[in-house]
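# Summary of structural features
Listed here are the chains, written in short residue letters.
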Amino acid sequence: MADDNTQSQECSTVRELCANGVCMKTTDVEAKLDEGNIQEAESSLREGLSLNFEEARALLGKLEYQRGNVEGALRVFDGIDLQAAIQRLQPSVNENSNPSFVSSNTSSSYSSCKKGRANRDSQPAVSQHAASLVLEGVYLKAKSLQKLGRFTEAAQDCTNVLDAVGRMFPQGIPDVQVENRLQETVSQAVVLLPELWKQAGNYQEAMSAYRRALLHLWNLDNDCCARIQKAFAVFLLHSGLEASPPSLGAQIDGAYVPKNNLEEAILLLMVLMRKIHQGMIQWDPSVMDHLTYALSLCSQTSVLSKQMEELKPGVFHRIDRWNILALCCNGAGQNKAALNLLRKTLHKHERPDDLTALLLAAKICSEDAHLAAEGVGYAQRAINNAQGMDGHLKGVGLHMLGLCLQKQSKVSASDFERFHLQSEALKSLDEAISFEKDNADIIFELGVHYAELRSLSAALRYAKKYIDVTGGSILKGWRLLALVLSAQQRFSEAEVVTDAALDETAKWEQGPLLRLKAKLEISQSRPMDAIETYRYLLALVQAQRKSFGPMRIDSQVEDDKVNEFEVWHGLANLYSSLSYWKDAEICLRKAREMKQYSAELLHTEGFMCQEHGEIQEAISAYINATLLEPSYVPCKVLIGAMLSKMGSNSLPVARTLLSDALRIEPTNHKAWYYLGMVHKNDGRIADATDCLQAASMLEESDPVESFRSIL
């Protein structure tokens, strides 16, 4: 092998052409080519190197191609009859590449068989060398056509090369007894063909070429196969062409068959990652980038997390690995694990000022009232570090700060602290919108924040602006607008908005709008219409459950749906308010089948007992509801209301329960009303007046659903 390399280097130095063990200088051949005497140059090669017509043409074309004369090379290559050459070469190649020939040798006739084998092996070596010359010529013809922009013709010639190899080796190219130059030409043609079809704009043929490259036995090395797999995965992800599954002939019984482009791309990229783990190919960061993109599209960040964990130490810096894993965990809903990873990143001995980690940590903390104070710290640090090239992220930091302050206000110990935190949250969000004027998320948060503070004019303005910015394509914008209108007691307009949203919304996503429509109908004293709406909603939810089966869909999609339990519970509340007790019992029983333990169901049962005069049973149901869900406000209010009527000894307990309910939900007008009655019964007239006045004002701006329901 070393001798061959030395000979090759010497030949390239003195400009010689070699074939069949003979070398000749290119000077005379090049001179004839410069004079345009292609036939004389061909004859010189045939005589000097003992070549046939096709072989001489292929070698002559290669010389022209190497000289940079692409058009001249193409004129030479056009004279090659590939089919005739392959038909002459095919019998000897097939005969001598048959693996049964090797197994027929026995130890008893070793010396004679070795001699005979040497004689017989000399023929396939000559045949494969001739085949490699011709096929390389056709491959270089395809390269010449590619450089001239004739991509379809180039792809056809490249296909001819692979078809010829397929006829020469119908069982696939064997691992041994294949000349290096022939294998190199085959590998290059396999890689080139799909690229040519893409350049020609024929993406279906490109798809077929990729699959042919991966499914046929071309004896490709690991690096070449990996290049094809990566290119095919990128093509599947970004071509915009929906691929059909592989043909039935290429499918193996029991093997997994991808259903779409995304699944096939992920499968290819995970195969590449496995090769990287096993050391078969070198680390390629772009493979991880494409896999991250693909798995993020289908919300499978938990799978991406596993891939990250399998990487060898040193591939990523440990802090970068923590940050990526935190993003994966956050995408998979594992916020606790994500926050723990970010805390490691933000440790004072690691990267305490990592802006991305600070913003993600603040975002996670903004979703939990008990972590909100910690999130405020992260957000403030992010704002302080958003300078220079990162200055555009200051608005994001202010947004996160506003969300954390707003969430922190939900668990504040005093009214003064709550008011202060809400004011600071509003200030942060207003400042954030000055950095990102068309940020839909900030606009929506401002709308909800103003709505909860009962600044309904401002809330209405931001709700309309959110619909304008998003083009009315997001359901929660319509719901916010309808709820603000209902809080302004403009029920008919809210119903018009809801109907308009229903017309623009896909059937499976209409659940929250239909529930809202039913409540608007109840507010307008149209209970029979509300019952019909609930029945339609129930039919929709049941049809949806049958269509999708027990499997949950993406969590973000589920957020925009109404489950069957909520519908049965809503019907039970409606029937009980109409004193249709039997119907209410049936609905409660159906709801209990969906969810056996529920504070909402216990609340409805308690209300029904209270209406029947069963006071102790009602109180028991309400108490069980608060034990099941300590922050469930409606039951706290009703317990306080019932205790306020049981004499002066019960007033302190009633006041405590109602005050706790207002701590959790400061805008609950019923809690303010019953607290005012407690103060009145206790002789505190001034406090009673303030509470009753607050109850009256809040009742006038009470929406049909809590504004929190859309968060």
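Up top you'll find the structure we're talking about.
If you're wondering where the values come from, they're calculated on a predicted model, not measured in any experiment.

### A word on the overall build of the chain
Looking only at helices and strands, the chain features 36 helices and two strands. Buried residues in the chain amount to 46% of all 711 residues. Pairs at least 24 residues apart make up 59% of the contacts formed inside the chain by residues separated by at least 6 positions. Taken as a whole, the chain presents about 35700 Å² of accessible surface, with 51% of it coming from carbon and sulfur.

### Here's the deal with unusual backbone geometry
Despite not being glycine, Asn-219 has its phi angle at roughly 60 degrees, a positive value. Relative to the elements of secondary structure, Asn-219 occurs in the loop between α11 (203-215) and α12 (222-238).

### Some points on the packing of helix α32 (residues 615-628) against helix α33 (residues 633-643)
Orientation of α32 relative to α33, taken along the N-to-C sense of each, is 145 degrees, at an axis distance of 9 Å. The handedness of the crossing between α32 and α33 is left-handed. For the pair α32 and α33, contact is made by Ile-615, Ala-618, Ile-619, Tyr-622, Ile-623, Ala-625 and Thr-626 and by Cys-635, Lys-636, Leu-638, Ile-639 and Met-642, respectively.

### Some thoughts on the environment of Leu-403
Mapped onto the elements, Leu-403 comes out in helix α20 (residues 394-409). Along the sequence, Leu-403 and Cys-365 sit 38 residues apart, while their C-alpha atoms lie 9.1 Å from each other. Ignoring anything within four residues of it in the chain, the contact list for Leu-403 reads Ser-366 and Glu-445.

### Structural notes on the packing of aromatic side chains
As enumerated under the stated definition, the model contains eight aromatic pairs in all. An angle of 5 degrees between the planes, with centres 5.8 Å apart, marks the rings of Tyr-450 and Tyr-462 as stacked. On the criterion of sequence distance, the pair formed by Tyr-450 in helix α22 (residues 440-452) and Tyr-462 in helix α23 (residues 456-470) is long-range, its members being 12 residues apart. When sorted by exposure, Tyr-450 lands in the same class as Tyr-462, which is buried. Ring pairing ties together the aromatic residues Tyr-203, Tyr-210, Phe-232 and Phe-235, which thus form one cluster. Seen from the ring of Trp-508, Lys-507 lies directly overhead, with NZ or CZ sitting 4.7 Å from the centre.

### Description of helix α16 (residues 318-331)
An ideal rise of 1.5 Å per residue puts 20 Å on 14 residues; α16 measures up with 20 Å between its terminal C-alpha atoms. On its buried side, α16 packs onto α15 (301-310), α17 (335-345) and α18 (355-365).

### Some thoughts on the state of the cysteines
Tallied over the full model, the rule gives zero disulfides. Cysteine Cys-328 is unpaired, with the sulfur of Cys-329 as its nearest cysteine sulfur at 6.8 Å. Given a relative accessible area of 3%, Cys-328 falls into the buried group.

### What to know about the side chain of Gln-510
Mapping Gln-510 onto the fold places it in the loop between α25 (491-504) and α26 (511-523). From its side chain, Gln-510 meets the backbone oxygen of Leu-502 in a polar contact 3.2 Å long. Apart from residues no more than four positions distant in its own chain, Gln-510 is found in contact with Leu-502, Thr-505, Tyr-536 and Leu-540.

### As for the pattern of salt bridges
Scanning all chains against the criterion turns up 33 salt bridges. A salt bridge links Asp-163 to Arg-212, with the shortest nitrogen-to-oxygen separation between them at 2.7 Å. Of this pair, Asp-163 sits in helix α9 (residues 151-168) while Arg-212 is found in helix α11, placing the two residues 49 residues apart along the sequence. Since its relative accessible area comes to 28%, Asp-163 is described here as partly exposed.

### Remarks on the packing of α16 against α18
Between two packed helices, what matters for the description is the angle formed by their axes and the separation of those axes. Between α16 and α18, the least distance of the axes is 11 Å, while the angle of their chain directions is 25 degrees. Considering the angle they form, α16 stands roughly parallel to α18. Our pair here, α16 against α18, has a crossing hand that is left-handed. Where α16 abuts α18, its residues Asn-323, Ala-326, Leu-327 and Asn-330 lie against Ala-357, Leu-360, Lys-363 and Ile-364. When its residues are assigned to classes, the contact of α16 with α18 shows five nonpolar, two polar and one charged.

### Examining the nonpolar core
Formed by 161 residues in total, the largest nonpolar core has its most connected members in Tyr-378, Leu-446 and Leu-480. Excluding anything up to four places from it in sequence, Leu-446 contacts Leu-426, Leu-429, Asp-430, Ile-433 and Tyr-462. Counting 25 residues, the second-largest nonpolar core is a separate cluster that includes Ala-599, Leu-658, Leu-662 and Val-678.

Quick notes on the rules
- Residues numbered from 1 in each chain as written.
- Predicted model: local features only at pLDDT ≥ 70, side-chain atom pairs only at ≥ 80, totals over all residues.
- Heavy atoms only, no water.
- Helix = DSSP H or I, 4+ residues; strand = E, 2+ residues; numbered from the N terminus.
- Buried < 20%, exposed > 50% of the residue type's maximum accessible area, 1.4 Å probe, protein only.
- Contact = heavy atoms within 4.5 Å.
- Areas by Shrake-Rupley, 256 points an atom, 1.4 Å probe, with all protein chains shown as cover.
- Axes fitted to C-alpha atoms, helices over the stretch in contact; angles between N-to-C directions.
- Left-handed = near helix turned anticlockwise from the far one by under 90°.
- Phe/Tyr/Trp six-rings, centres within 6.5 Å; stacked < 30°, edge-to-face > 60°.
- Lys NZ or Arg CZ within 6 Å of the ring centre and 35° of its normal.
- Expected span 1.5 Å × (residues − 1).
- Disulfide = S-S within 2.5 Å.
- Polar contact = N/O pair within 3.5 Å; in protein donor to acceptor, adjacent residues only side chain to side chain.
- Salt bridge = Lys/Arg side-chain N within 4 Å of Asp/Glu carboxyl O.
- Parallel < 35°, antiparallel > 145°, perpendicular 65-115°, else oblique.
- Nonpolar A, V, L, I, M, F, W, Y, C, P; charged D, E, K, R; others polar.
- Core = buried A, V, L, I, M, F, W, Y, C linked by side-chain atoms within 4.5 Å.

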